[in-house]
Structure formats: structure tokens, C-alpha cells
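Reading the structure
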Amino acid sequence: MSETLLSDLTVRPAAVEDRPAVERLWLMFRHDLSGLRGVLPGPGAEFRREWLDSAFTDTGWAPYVMNCGEHLVGFAFVRGLTGPTRVLNSFFVVRGARRAGVGLRAVRQVLARHPGRWEVAFQPDNAAAVSFWHRVAQEVSGDAWEREARPVPGRPDLPPDVWISFAVADGCAD
């Protein structure tokens, strides 16, 4: 199955018509993260969605979707495109496509579209994210990456997020 997923993987900019499907994936993404910090959905069973809205409307942001054949399997939101450092703001692969190399290949394709300095944040108690993002940084930039703990803005009650920084050269995609 993993060979099929990888051979059929495409990453492309999300279009306006993709937004309803990305909104459904957003709920899955936020649900996955809710267990790390005990975040509950609001009364309408929705999670905060400022980043989702920004990805589709704000200058300097770019949303991407990932497909394996006809199956939508994830998304990525990039911000900071008008500044010196890009931020991979949100990155999600559905559980059925994880552990097959889809995430690594997809993130390399997103990074390759915007060469330059990058930052990615994740929670230190998310063991899968820690492992994945360290692997991404190592594969993209060798030993030339940095790791730093930064407080979560406006949330002194939470442990700091981990931020990794690295540079992406032209031609980093598979």
C-alpha cells in the first residue's frame, strides 16, 4: 500500500473549490492536536480556525493540498511568504496515509516551492512530531539546523513550543 501512496502523491496549491474539503481535514487536524493540550471544541463542535481562514485569504500565506490518487490525504499552510522567513504554520496527513513516507515527501515538495529560511513549531510532548520534524530538518539541511524552545504567545500556562529553523536550497524536492 505505501508504494501506491507514494507513487500517486501530488502536492498542489489549494484552490477556492478545495476549501470545504480542507475545512473537514482541519477538524481532523485540530482533533488530533486537542489531546496534547486538552483543547476542547466550542459549542458548535468547531475548533479555532484563524489559521485556516488566513491560509485562504491573507497575503503572504499559501495553502496546499495533498492527494494520493483521488484521495485527499492532507494539507499544509505556509505563512511568511512576503518576509525573510517562511513558517510551515500547519501540516497534516490523515492517519491512513501516515508511516508510508507520504508526509516526508509532501513536506519536501512544499518546502521546495519556497526556497530560503524556514521555521516549524511543534509541541515537545508530541513524540511523532518531534521525530518527524527532526528528520525533515536533517534530510533538508543536514546538520545546519537549529532547535529552540519558545513560549506560546498569550499562553503562559502551556509549556514552550519547540521551533526548528533551517534553510531550503533550490531543488530540495524528490
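A brief structural summary. (Residues numbered from 1 in each chain as written. Predicted model: local features only at pLDDT ≥ 70, side-chain atom pairs only at ≥ 80, totals over all residues. Heavy atoms only, no water.)

**Let's talk about the nonpolar core**
The line we're drawing: Throughout, nonpolar core names a set of buried Ala, Val, Leu, Ile, Met, Phe, Trp, Tyr and Cys residues whose side chains join them through atoms within 4.5 Å. The buried label goes to any residue with under 20% of its type's maximum accessible area, the exposed label to any with over 50%, and the partly exposed label to all in between, with areas taken from a 1.4 Å probe on protein chains only. Any pair of residues with heavy atoms lying within 4.5 Å of one another is described as a contacting pair.
Grouped together as the largest cluster of nonpolar side chains are 47 residues, with contacts concentrated most on Met 66, Phe 77, Leu 88, Phe 91, Trp 133 and Phe 166. Those residues within four positions of Phe 91 in sequence are excluded, and the remaining contacts are Phe 29, Met 66, Phe 75, Ala 76, Gly 103, Ala 106, Val 107, Phe 132 and Trp 133.

**Looking at the packing of helix H4 (residues 102-112) against helix H5 (residues 127-141)**
For clarity, the cut-off: Where helices are involved, their axes are fitted lines through C-alpha atoms of the stretch in contact, as for all axes, and angles between N-to-C directions lie from 0 to 180°. Secondary structure counts use DSSP, requiring at least four H or I residues in a row for a helix and at least two E residues in a row for a strand, with both numbered from the N terminus. The cut-offs work like this: below 35 degrees is roughly parallel, past 145 is roughly antiparallel, 65 to 115 is roughly perpendicular, and the gaps in between are oblique. We call a crossing left-handed when the near helix sits turned anticlockwise from the far one by less than a right angle, and right-handed when that turn is clockwise. By the convention adopted, Pro, Cys, Tyr, Trp, Phe, Met, Ile, Leu, Val and Ala count as nonpolar, Lys, Arg, Asp and Glu as charged, and the other residues, Gly among them, as polar.
Put simply, H4 and H5 touch, their axes get as near as 11 Å, and they point 50° apart. Judged by the angle between their axes, H4 and H5 are oblique. Along this stretch, H4 crosses H5, giving a crossing that reads as right-handed. Contacts between H4 and H5 involve Gly 103, Leu 104, Val 107, Arg 108 and Leu 111 on the former and, on the latter, Phe 132, Trp 133, Arg 135, Val 136, Glu 139 and Val 140. Residue composition of the contact of H4 with H5, by class: seven nonpolar, one polar and three charged.

**Remarks on H4**
Across the 11 residues of H4, nine count as buried, placing the element largely inside the fold. Residues Val 102, Gly 103, Leu 104, Ala 106, Val 107, Arg 108, Gln 109, Val 110 and Leu 111 constitute the buried set of H4.

**Overview of the pattern of salt bridges**
For clarity, the threshold we go by: Every case where a carboxyl oxygen of Asp or Glu lies within 4 Å of a side-chain nitrogen of Lys or Arg is listed as a salt bridge.
Throughout the structure, instances matching the rule amount to six salt bridges. The shortest N-O distance in the salt bridge between Arg 12 and Asp 18 comes to 2.7 Å. On the basis of relative accessibility, which here comes to 15%, the residue Asp 18 falls in the buried class.

**A look at the environment of Ala 14**
If you trace the backbone, Ala 14 turns up in the loop between strand E1 (9-13) and helix H2 (19-37). Taking relative accessible area as the criterion, Ala 14 reaches 15% and is therefore assigned buried. Spatially, the C-alpha atoms of Ala 14 and Val 65 are 5.4 Å apart, while their sequence positions differ by 51 residues. Every residue in contact with Ala 14, bar those within four places of it in the chain, is listed here: Phe 56, Pro 63, Tyr 64 and Val 65.

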